[in-house]
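Listed below are the residues making up each chain.
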Amino acid sequence: MAQQQVKFDQFIAAPREKVFAYFADHEKFGRIFGGGVKRIKDAPNTKDVNGLGSVRSIRAPGGMIEETISKYEPNSLIEYVVSKGGPIKNHLGHIEFHTVEGGTQVLYTISFDPKIPFTGGLIAGVICAGFHRGIDKAVREIAAA
């Protein structure tokens, strides 16, 4: 069974620091996928509570899942893994932030294996639909902040 992967390439007309701050904030990040996200564990040994080691809970179709921030480079990169729950395994979310003319380019890749065979396409479709439904609102919120 091949690993599933979804990719998003999104331009946001705002400085990279502002875009990164929005994506790094667990509750704001949740707005991209329709809400239901809450930080349940602060990052240890850091001033940024949403940084490396922080954990968020997500209300998702099929139940609650938890994601743990596994890599965090301010204004450049966020990676996270599903650490509990959900219909997927071997999950990695990878978000890069690049300064480009007029704003920031966000390159977002989500890779995973479905726990139940032949459900990967359906899960990928749900992820894509959620992102496309919420990203425009997020872009407006970032620009207005």
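Residues numbered from 1 in each chain as written. Predicted model: local features only at pLDDT ≥ 70, side-chain atom pairs only at ≥ 80, totals over all residues. Heavy atoms only, no water.

Draft legend 1. Spatial organisation of the pairing of strand S6 (residues 88–100). Two elements, strand S5 (residues 77–84) and S6, share four bridges in a ladder whose sense is antiparallel. Directly across from Ile 78, in S6, lies its bridge partner Ile 95. Taken together, S5 and the strand that follows it, S6, pair antiparallel across an intervening segment of three residues, in which Gly 85 is found at a positive phi of about 80°. The hairpin formed by S6 and strand S7 (residues 103–114) contains two residues between the paired strands, and Gly 102 there has a positive phi angle of roughly 85°. (Pairing = 2+ DSSP bridges. Helix = DSSP H or I, 4+ residues; strand = E, 2+ residues; numbered from the N terminus.)

Draft legend 2. Inspection of the side chain of Asp 113 at higher detail. Residue position: Asp 113 is located in strand S7. In this structure Asp 113 is buried but unpaired, with Lys 89 as the nearest side chain of opposite charge at 6.1 Å. Among the polar contacts listed, one links the side chain of Asp 113 to the side chain of Asn 90, at a separation of 2.6 Å. Apart from residues lying up to four places away in sequence, Asp 113 is in contact with Ala 2, Gln 3, Pro 87, Ile 88, Lys 89 and Asn 90. (Buried < 20%, exposed > 50% of the residue type's maximum accessible area, 1.4 Å probe, protein only. Lys, Arg positive; Asp, Glu negative; His and termini not counted. Salt bridge = Lys/Arg side-chain N within 4 Å of Asp/Glu carboxyl O. Polar contact = N/O pair within 3.5 Å; in protein donor to acceptor, adjacent residues only side chain to side chain. Contact = heavy atoms within 4.5 Å.)

Draft legend 3. The arrangement of the environment of Lys 84 in detail. Of note, Lys 84 is situated in strand S5. Separated by 18 residues in the primary sequence, Lys 84 and Glu 66 place their C-alpha atoms 5.0 Å from one another. Apart from residues no more than four positions distant in its own chain, Lys 84 is found in contact with Met 64, Ile 65 and Glu 66.

Draft legend 4. Layout of the packing of aromatic side chains. On inspection of all chains with the given rule, the structure shows 13 aromatic pairs. Judged by centre distance (6.3 Å) and plane angle (50°), the ring pair of Phe 29 and Tyr 108 falls under tilted. Taken together, the residues Phe 29 in helix H2 (residues 26–32) and Tyr 108 in strand S7 connect sequence positions 79 residues apart. Aromatic pair Phe 33 and Phe 131: ring centres 6.0 Å apart, planes at 50°, arrangement tilted. Placement of the pair is Phe 33 in the loop between H2 and strand S2 (37–41) and Phe 131 in helix H3 (residues 120–144), with a sequence separation of 98 residues. Residue classification places Phe 131 among the buried residues on the basis of a relative accessible area of 3%. Following the ring pairs from residue to residue traces out a cluster consisting of Phe 8, Phe 20, Tyr 22, Phe 23, Phe 29, Phe 33, Tyr 72, Tyr 80, Phe 97, Tyr 108 and Phe 131. Sitting over the ring of Tyr 80, Arg 56 keeps its end group 4.6 Å from the ring centre. (Phe/Tyr/Trp six-rings, centres within 6.5 Å; stacked < 30°, edge-to-face > 60°. Lys NZ or Arg CZ within 6 Å of the ring centre and 35° of its normal.)

Draft legend 5. Layout of the environment of Glu 66. Its location among the elements puts Glu 66 in strand S4 (residues 63–73). Along the sequence, Glu 66 and Val 81 sit 15 residues apart, while their C-alpha atoms lie 8.4 Å from each other. Ignoring any residue separated from it by four or fewer positions in sequence, one finds Glu 66 in contact with Ile 40, Val 55, Arg 56, Ser 57, Val 81, Val 82, Ser 83 and Lys 84.

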